[in-house]
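Letter by letter, the chains look like this.
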Amino acid sequence: MRARRISIPLSVAVLAVANSAISAEGDGRGKPLKVFIMAGQSNMQGKARVSTIERLNLTEDSKQMYKDMMGEDGKPKVVKDVYAVYFTSGLSGDSVQQGPLSPAFGEETDGNPSFGPEYTFGIYMQKHLNEPFLIIKTAWGGKDLLQQFRPPSAGDFEKNKDNRGNATGHYYRLMMEHVREVLNDPGKYHPGYNRNDGYAIAGFVWFQGFNDMISSYYTGNRVEGKDLYFQYSDLMAAFIRDVRGELNAPAMPFVIGAIGIGGP
């Protein structure tokens with residue numbers, strides 16, 4: 001089963017977040033730069049190779065998406081006025097990628113560029129908003145919500161260590177550190193940012209859950225006859241509350257992406 005290599009467009013998130021903007025800064029002389037946050041594990045990193053985009057032109061229900069992704073030169077386009085910054089880490093250490101949004105902000109495999117949900121999210125959000133915006137993406141493969149992304153209000157996990165030796169919630173804290181780093185100086189990541197106009201947090205897209213579902217740790221450690229995956233909903237609710245609280249954005253729209261595994 002290769003479900004982890006599926007990457008979805010998340011264009012359905014457009015209507016949920018496009019008309020909201022929270023935590024604006026500036027003196028109100030102009031429109032603040034919208035900022036979208038995208039986070040998760042390997043599917044948010046991005047497993048879709050650029051070479052697979054051609055496949056969209058072969059079936060009627062995906063031809064329009066193919067057209068939306070192509071530029072006048074017949075190649076996948078750079079999205080107008082949309083910039084992205086992507087924080088991740090791997091065997092070679094920490095990695096930061098930034099610049100105009102194109103299908104290249106994913107996990108590079110064998111020298112082949114790849115992309116995640118941020119690309120088509122950016123295309124359709126720009127089509128709806130028709131204005132500049134910035135995407136902050138933080139993603140690390142193979143991380144769960146029970147331990148690695150565990151939110152602070154959920155409390156420590158067991159002895160405050162996850163199954164990889166890191167402190168509980170290490171990747172939650174790392175995610176928030178990167179988000180705050182960008183928000184401290186948005187102009188470093190988007191040339192259209194005007195300090196006088198400020199920024200507005202417009203929404204959060206979360207794409208994670210595979211590791212929580214398949215982890216043998218969950219099925220091997222049961223509470224009241226249930227495996228630990230039943231805790232996911234409570235942890236997700238705590239995650240949303242904590243992120244909104246830390247960003248001082250109590251009404252920030254929050255979209256959760258999902259893929260089908262083991263079924264339609």
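It should be noted that the structure appears before, not after, this text.
None of these values were measured; they are calculated from a predicted model.

K.L.:
What is the right way to look at the packing of aromatic side chains in this model?
P.N.:
Within a pair of aromatic rings, the relevant descriptors are the distance that separates the centres and the angle that separates the planes. Inspection of the entire model under this criterion finds 12 aromatic pairs. Taking the centre distance of 5.5 Å and the plane angle of 85° together, the rings of Tyr172 and Phe239 count as edge-to-face. Linking Tyr172 in helix α5 (residues 170-184) with Phe239 in helix α8 (residues 232-246), this pair joins segments that are 67 residues apart in sequence. The class of Tyr172 is buried, set by a relative accessible area of 1%. Using a relative accessible area of 0% as the deciding quantity, one classes Phe239 as buried. Clustering of aromatic rings is evident, with ring pairs tying together Trp140, Phe149, Tyr171, Tyr172, Phe204, Trp206, Phe239 and Phe254. Stacked on the ring of Tyr86, the Lys or Arg Lys137 has its end atom at 4.2 Å from the ring centre. Taking NZ or CZ as reference, Lys143 lies 4.8 Å from the ring centre of Tyr171, over its face.

K.L.:
When you look at helix α4 (residues 117-129) in this model, what are you seeing that I'm missing?
P.N.:
Note on helix geometry: an α-helix contains 3.6 residues per turn, so any two residues three or four positions apart are oriented the same way. The terminal C-alpha atoms of α4 lie 18 Å apart, and with 13 residues this matches the ideal 18 Å at 1.5 Å per residue to within 8%. Counted residue by residue, α4 has 11 buried out of 13 residues, so it is predominantly covered. When we look at burial in α4, the residues that qualify are Pro117, Glu118, Tyr119, Thr120, Phe121, Gly122, Ile123, Tyr124, Met125, Gln126 and Leu129. At the C-terminal side of α4, Asn130 shows a positive phi close to 55°.

K.L.:
Before we go on, may I ask you to explain the environment of Ser114 in this structure?
P.N.:
Looking at where Ser114 falls in the secondary structure, it is placed in strand β5 (residues 114-115). The exposure class of Ser114 is buried, given its relative accessible area of 2%. Polar contacts involving the side chain of Ser114 include one to the main-chain carbonyl oxygen of Gly46, which spans 3.3 Å.

K.L.:
Looking at this model, I keep getting lost on the pairing of strand β7 (residues 199-207). Mind explaining?
P.N.:
Remember that side chains alternate between the two faces of the sheet whenever the strand is regular. In terms of residue burial, β7 counts as a mostly covered element, since 9 of its 9 residues are buried. Here strand β1 (residues 33-40) runs beside β7; their pairing, made up of 8 bridges, is parallel. Bridge assignment links Phe36 to a residue of β7, and that residue is Gly203. In the sheet, β7 pairs with strand β10 (residues 254-256) via 3 bridges, with the strands oriented parallel. By the bridge assignment for β10, Val205 is matched with Val255.

K.L.:
It is not clear to me how the nonpolar core should be interpreted in this structure. Could you clarify?
P.N.:
The nonpolar side chains of a soluble globular protein tend to be buried, and buried together. Formed by 37 residues in total, the largest nonpolar core has its most connected members in Met175, Phe204, Trp206, Phe239, Val243 and Leu247. For this core, the element with the most residues is α5, which contributes 8 residues. When residues no more than four places from it in sequence are discounted, the contact partners of Val243 are Tyr172, Met175, Met176, Phe204 and Met252. Formed by 28 residues, the second largest nonpolar core is a distinct cluster that contains Met44, Ala84, Met125 and Ala139.

The rules behind each value
- Residues numbered from 1 in each chain as written.
- Predicted model: local features only at pLDDT ≥ 70, side-chain atom pairs only at ≥ 80, totals over all residues.
- Heavy atoms only, no water.
- Phe/Tyr/Trp six-rings, centres within 6.5 Å; stacked < 30°, edge-to-face > 60°.
- Helix = DSSP H or I, 4+ residues; strand = E, 2+ residues; numbered from the N terminus.
- Buried < 20%, exposed > 50% of the residue type's maximum accessible area, 1.4 Å probe, protein only.
- Lys NZ or Arg CZ within 6 Å of the ring centre and 35° of its normal.
- Expected span 1.5 Å × (residues − 1).
- Polar contact = N/O pair within 3.5 Å; in protein donor to acceptor, adjacent residues only side chain to side chain.
- Pairing = 2+ DSSP bridges.
- Core = buried A, V, L, I, M, F, W, Y, C linked by side-chain atoms within 4.5 Å.
- Contact = heavy atoms within 4.5 Å.

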